[in-house]
Amino acid sequence: MVIDFIADYYNNIEHYPVLSQVKPGYLRHLLPRSAPLAAEPIEEIIKDIETHIIPGITHWQHPAHFAYFPCTASTAGILGELLTAGLNVVGFSWVASPAATELEAIVMDWLGELLNLPKPFLFSGNGGGVIMGTTCEALLATLVAARDRKLAEIGEGEIGIGKLVVYCSDQTHCAFAKAAKIVGIKQGNVRVVPASKTTSFGLCPDELVRAVRSDRDRGLVPLFLCATVGTTPTAAVDPLLPLCRVAREHDIWVHVDAAYAGAACVCPEFRHVIDGVEGADSFSLNAHKWFLTTLDCCCLWVKDPSALRKSLSTNPEYLRNQASDEGGVIDYKDWQVTLSRRFRCLKLWMVLRSNGVANLRNFLRSHVRMAEAFEKLVAEDARFEIVVPRRFSMVCFRMGDCVVVDDGVANLVNKKLLESINGSGRVFMTHAVAGGIYMLRLAVGATLTEARHVAEAWKVVREQADAMDVEGIVGC
């Protein structure tokens, strides 16, 4: 019955408004105040899902969902998730589930090879990969490893950790600042380097050099750089090669966050965006974003797994076993913050096998072509402008100077435009602000999206723009 419900949901998904139309607190008025004492039939539960839960869902798998970044699903991913839940193993160590550990190591080398990652990131090159939940966990784990390695050099304690400085651009995901706070980096030592439109909002190596030298002159210790391939606001790409050169000169750990765009690198024509990754210490992508693998599945590779293990290992007596004591196996509990872990690699393995590399590449390329088509439509309308060159499958655009000259007013006009677009229920987009410019983002990536949905999205944009009272907004 549940499988049928899911199948029907996908068959009818286009009939739902993409963005949920409910008001905050709606569900508390619909459900009982306490859990039932007696068991309830599955038919009644599914009925409540249909009548109470579905209206409160923003439909991430809707083909007109163009907001944030994609969160792709697929039959193989769903079935892999079902198997993971059904087997329900807890693979914190090799002995706890040998197949879960060994399959993960194999799959991470498979995917690393598809990305053409340098061999030192792979198990076959003395590095290795681990599957975590999200990029937030990957950032936290690598920051802890970098922190402890540096403190072993300069001395621990409040004075030592108080000198550590981490670096990112103002386009870096907020998860980095959060992870830095958790590991004890002072808020004033999170160095946010401004990016600008002149560099397409990528992190400028010269600006990084200035920041690092200034910190060294003040007796501070550079620790960690988070470089991004496919930033959230504009899908910008930080130039890895020169950034890694700067980092190497100052003994800075470099993590490459390719959560969104990393998947594209399985296509040879996009691999160049991570040129220079050989100079990094760690690299991560989210297979659940744009690689047909259901949430959650963050793939992290490190050149030096021992750095993770030194910081994150736990070895209480009740977890000891012969295989671990002999040291010939991987215990993934020592590669991550949490102890327990799911059999996540099963769904990624199924996605790779059920689709094959050729089909996965075609899937990614189809979304890029759709984004190119949307970009062309925007460029043909004199009222609109492309704010930054399209990257991958995301287009950043706005109503431009020919409509409103003042940037402040233009930002307000575009904010109102986005509200009306999303209020239609026919599409869902989100916005970004970069360089003081408010822009609309169309991120193509939902599994079911076809060219007709992108064309319809542009139709909605134009209709809402036609209906806008720009003079009235300006007057306000």
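Computed from a prediction, not measured in an experiment: that's the story for all the values here. (Residues numbered from 1 in each chain as written. Predicted model: local features only at pLDDT ≥ 70, side-chain atom pairs only at ≥ 80, totals over all residues. Heavy atoms only, no water.)

Comments concerning the UniProt feature "modified residue: N6-(pyridoxal phosphate)lysine" (unreviewed entry) in the chain
- Feature annotation in UniProt places "modified residue: N6-(pyridoxal phosphate)lysine" (unreviewed entry) on Lys 289, given in this structure's numbering.
- Structurally, Lys 289 is set in helix H10 (residues 287-290).
- In this structure Lys 289 comes out as buried when scored by relative accessible area, which is 17%. (UniProt positions renumbered as here; feature names shortened; annotations may be inferred. Helix = DSSP H or I, 4+ residues; strand = E, 2+ residues; numbered from the N terminus. Buried < 20%, exposed > 50% of the residue type's maximum accessible area, 1.4 Å probe, protein only.)

Brief notes about the pattern of salt bridges
- Throughout the structure, instances matching the rule amount to 26 salt bridges.
- Glu 81 is the salt-bridge partner of Lys 347, the closest N and O atoms lying 2.6 Å from each other. In this pair, Lys 347 is assigned in helix H13 (residues 345-380) and Glu 81 in helix H3 (residues 75-87), connecting sequence segments 266 residues apart.
- Exposure remark for Lys 347: the relative accessible area of 1% places this residue in the buried category.
- Classification of Glu 81 by relative accessible area gives buried; the value is 18%. (Salt bridge = Lys/Arg side-chain N within 4 Å of Asp/Glu carboxyl O.)

Remarks on the nonpolar core
- By size, the foremost hydrophobic cluster in this structure holds 78 residues, and its most contacted members are Phe 283, Trp 301, Leu 348 and Phe 392.
- The dominant element in this core, judged by the number of residues it contributes, is H13, at nine residues.
- Discounting chain neighbours no more than four positions away, the residues touching Phe 283 are Leu 115, Leu 117, Phe 121, His 255, Val 256, Ala 258, Ile 274, Val 277, Cys 299, Leu 300 and Trp 301.
- Counting 35 residues, the second largest nonpolar core, distinct from the first, contains Leu 139, Ala 145, Leu 300 and Val 302. (Core = buried A, V, L, I, M, F, W, Y, C linked by side-chain atoms within 4.5 Å. Contact = heavy atoms within 4.5 Å.)

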